[in-house]
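Here is how the chains run, residue by residue.
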Amino acid sequence: MESFLIGLKDGRISQYYAPMVSSNAALYADHPSMPYKGVRNGAYIKAKADHVPFSKVAESFQTIRTRRNFTAAEVAFLKAEAGLRGWAGAGDPKTNYENGIKLSFADWGAGGVDAYIADATSKPINYVDPIDARNNFTAASTITVAWNDADSNELKLEKIITQKYLNTFTNTVEAWVDFRRTRYPKIPFVAKNDSNGDWGVIPANDWIKRMPFINAERTGNTAAVTDAVSKMGTGAKDDIATRLWWDTGKASNF
């Protein structure tokens, strides 16, 4: 989130996260005008206390009791993808994409949306962990926010799904499904890969595919688990490396 929100100059960052206090300025020295610092996925952690001073969620999360999971912004991004794929009645991808961003900014109470949508130069930034350099990564995505009709459909889809990801801050399951389905947004692999033979091995340059059945199901509902796994494809196992039926693993989305 730090790589995208700061790199793309995204006004929603202050609605998602609380700015860090000035005494922690050394933690965000790589972008001193933006006082936020996140923790990498699957980070190397020497001691939990090391990362406690990093960014916390915005103060509003302490008082707001509910957050919507399915929003008008998400509908607009769904229509943008459908239009990109040529589905009848979906509308214009660019219009829906930009409308999704506007609805998201409005929903989160963020300003500066017009300049954000028109920004064709800002890109995601590299991540620096001031505590442990093993967690550093180079941004895999080089997208900008502005829509460009000359872009390939693949690049347009990356922009759509990245914005949908940033919007669904409180609906992480939706973001995870989109990621497995499309491979977007381009986020870093986990820094510390602890996968093993017990639950499935994930290569260093890949991601978990699914959650295995819990042990209570494996031992108490063995026949059903075996039947379910048999439907996952030839050679499938009940582990984190087996793709679901809709996760095709194709090199392209088109």
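Cut-offs used in this document
- Residues numbered from 1 in each chain as written.
- Predicted model: local features only at pLDDT ≥ 70, side-chain atom pairs only at ≥ 80, totals over all residues.
- Heavy atoms only, no water.
- Helix = DSSP H or I, 4+ residues; strand = E, 2+ residues; numbered from the N terminus.
- Rg over C-alpha atoms; globule rule 2.2 N^0.38 Å.
- Core = buried A, V, L, I, M, F, W, Y, C linked by side-chain atoms within 4.5 Å.
- Buried < 20%, exposed > 50% of the residue type's maximum accessible area, 1.4 Å probe, protein only.
- Contact = heavy atoms within 4.5 Å.
- Axes fitted to C-alpha atoms, helices over the stretch in contact; angles between N-to-C directions.
- Parallel < 35°, antiparallel > 145°, perpendicular 65-115°, else oblique.
- Left-handed = near helix turned anticlockwise from the far one by under 90°.
- Nonpolar A, V, L, I, M, F, W, Y, C, P; charged D, E, K, R; others polar.
- Phe/Tyr/Trp six-rings, centres within 6.5 Å; stacked < 30°, edge-to-face > 60°.
- Salt bridge = Lys/Arg side-chain N within 4 Å of Asp/Glu carboxyl O.

Thoughts on the overall build of the protein chain
- On a plain count of helices and strands, the protein chain comes out with 10 helices and 2 strands.
- Starting at the N terminus and ending at the C terminus, the protein chain contains elements arranged as α-α-β-α-β-α-α-α-α-α-α-α.
- In terms of overall dimensions, the protein chain is globule-like: its C-alpha atoms have a radius of gyration of 20 Å, near the 18 Å expected for 254 residues.
- In terms of overall dimensions, the protein chain has a C-alpha envelope of 55 × 55 × 35 Å along the principal axes.

Quick look at the nonpolar core
- Counting residues in hydrophobic clusters, the biggest one holds 31 residues, and the most contacted among them are Y17, Y97, I101, Y116 and I160.
- In this view, Y17 contacts M1, L5, Y36, K56, V57, A58 and F169; residues no more than four positions away in its chain are not counted.
- M20, L27, Y127 and F137 belong to the second-largest nonpolar core, a separate cluster that totals 6 residues.

Some words on the packing of helix α7 (residues 153-167) against helix α8 (residues 172-182)
- One can describe the packing of α7 onto α8 by two numbers: an axis separation of 10 Å at closest approach and a directional angle of 160 degrees. When the axis of α7 is compared with that of α8, the two are roughly antiparallel. Note on packing geometry: the crossing formed by α7 with α8 is left-handed. Two secondary-structure elements touch here, α7 through L157, I161, K164 and Y165 and α8 through E174, A175, D178, R181 and T182.
- Here the residues of the contact of α7 with α8 sort into 4 nonpolar, 1 polar and 4 charged.

Section: the packing of aromatic side chains
- Here the structure, examined in full by the defined rule, presents 13 aromatic pairs.
- Relative to W207, the ring of F179 lies with its centre 5.1 Å away and its plane at 75 degrees, an arrangement referred to as edge-to-face. Here W207 lies in the loop between α8 and α9 (215-220) and F179 lies in helix α8, a separation of 28 residues in the sequence.
- With a relative accessible area of 11%, F179 lands in the buried category.
- The exposure class of W207 is buried, given its relative accessible area of 14%.
- Summarising the aromatic geometry, the rings of F189 and W207 are spaced 6.1 Å apart at their centres and angled 40 degrees between planes, so their arrangement reads as tilted.

A closer look at the pattern of salt bridges
- Under the criterion given, the structure shown has 19 salt bridges.
- Across the pair D10 and R12 runs a salt bridge, and its minimum N-O distance is 2.7 Å.
- For R12, a relative accessible area of 0% translates into the label buried.
- One salt bridge connects K37 with D30, and the closest N-O pair in it is separated by 3.2 Å.
- With relative accessibility at 1%, the residue K37 sits in the buried group.

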